[in-house]
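# Structural overview
The chain contents come next:
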Amino acid sequence: MTPVYPVIDIVLQLNGEQRSASVEPRELLIDVLRIQFGLTGTKRSCDVEVCGACTVLVDGLPVSSCSTLAADADGRSVTTIEGLSQGGRLDPIQRAFIEHGAMQCGFCTPGMVLAVKSLLAEHAQPTDEQIRHYLRGNICRCTGYVKIIEAIKDVAAQLAANTPQKIGEGSTE
């Protein structure tokens, strides 16, 4: 006999929009995203927090959705790869990955891009060590990481060049 689990209702801010779902307490975030919400950019691969293909942002931080309970996302902000584009325009990180050939098969790319989104929110001009730290949980079997790191450095420089200077920064007046 298959056990019956109680269903709980959760509400989350999903890609900037309030969404609700009824989930079993044991249900994983990846399954709710892919099955209930149809957001298939989040990829299932290792199921043990090793590869990074399932990475999403929860309250701005990268998490493995393959090992995160959907109930733990209740009341929190969740961003998937589908939530990065604005008005049909790719996020600058997505554009940089394309321009630098930082993806091949594309399976790891959504998780990688979201990890970089979190990295750049924390470190506008990341060092090589910071880049490696943020990508340590994302495995790419195709690119060898050189083009990925080039794309990250390039997008960081582009974003810094387009960010208005804060009052008092760099001013000699």
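For every chain, the first residue of the written sequence is number 1, and numbering continues from 1 onward in sequence order. Restriction of local features to residues with pLDDT of at least 70 applies here, the model being predicted, together with a cutoff of 80 or more for giving and counting side-chain atom pairs; totals for whole chains, interfaces and linings are based on all residues. With hydrogens and water set aside, each side-chain value is computed from the structure's full complement of heavy atoms.

All right, on to the overall build of the chain then. Counting from the N terminus, the helices are the DSSP runs of H or I reaching at least four residues and the strands are the DSSP runs of E reaching at least two. Within the chain, the secondary structure is distributed over five helices and five strands. Listing the helices and strands of the chain from first to last along the sequence gives β-β-α-β-β-β-α-α-α-α. Buried residues are those whose accessible area, probed at 1.4 Å on protein chains only, stays under 20% of the maximum for their type, while exposed residues exceed 50% and partly exposed ones sit between those limits. A burial count over the chain gives 37% of its 173 residues as buried. Restricting the contact set of the chain to residue pairs at least 6 apart, pairs at least 24 apart contribute 54%. Carbon and sulfur atoms make up 51% of the accessible area of the chain, which totals about 9900 Å². Only four residue types enter the tally: Lys and Arg on the positive side, Asp and Glu on the negative side, with His and both chain ends excluded. Each charge is placed at NZ for Lys, CZ for Arg, CG for Asp and CD for Glu. Considering the chain, the positive charge centre built from 15 side chains and the negative charge centre built from 20 side chains are found 6 Å apart. In what follows, residue pairs with any heavy atoms lying within 4.5 Å of each other are defined as contacts. Note on areas: these come from Shrake-Rupley sampling with a 1.4 Å probe, and a residue is covered only by the protein chains present in the view.

Geometrically, a packed helix pair is captured by the angle between its two axes and the distance between the axes. For helices, the fitted line uses only the C-alpha atoms of the stretch in contact; every axis is such a line through C-alpha atoms, and the angle between N-to-C directions lies from 0 to 180 degrees. The geometry of helix α2 (residues 92-99) relative to helix α5 (residues 146-162) is characterised by a closest axis approach of 9 Å and an angle of 135° between their N-to-C directions. When the axes of α2 and α5 are compared, the pair comes out oblique. For the pair α2 and α5, the sense of crossing is right-handed. Here α2 contributes P92, I93, A96, F97 and E99 to the contact with α5, which in turn contributes I148, A151, I152, D154, V155, Q158 and L159. Reported orientations rely on four angle classes, namely roughly parallel under 35 degrees, roughly antiparallel over 145, roughly perpendicular from 65 to 115, and oblique for the rest. Whether a crossing is left-handed or right-handed is set by the direction in which the near helix is turned from the far one by less than a right angle, anticlockwise for left-handed and clockwise for right-handed.

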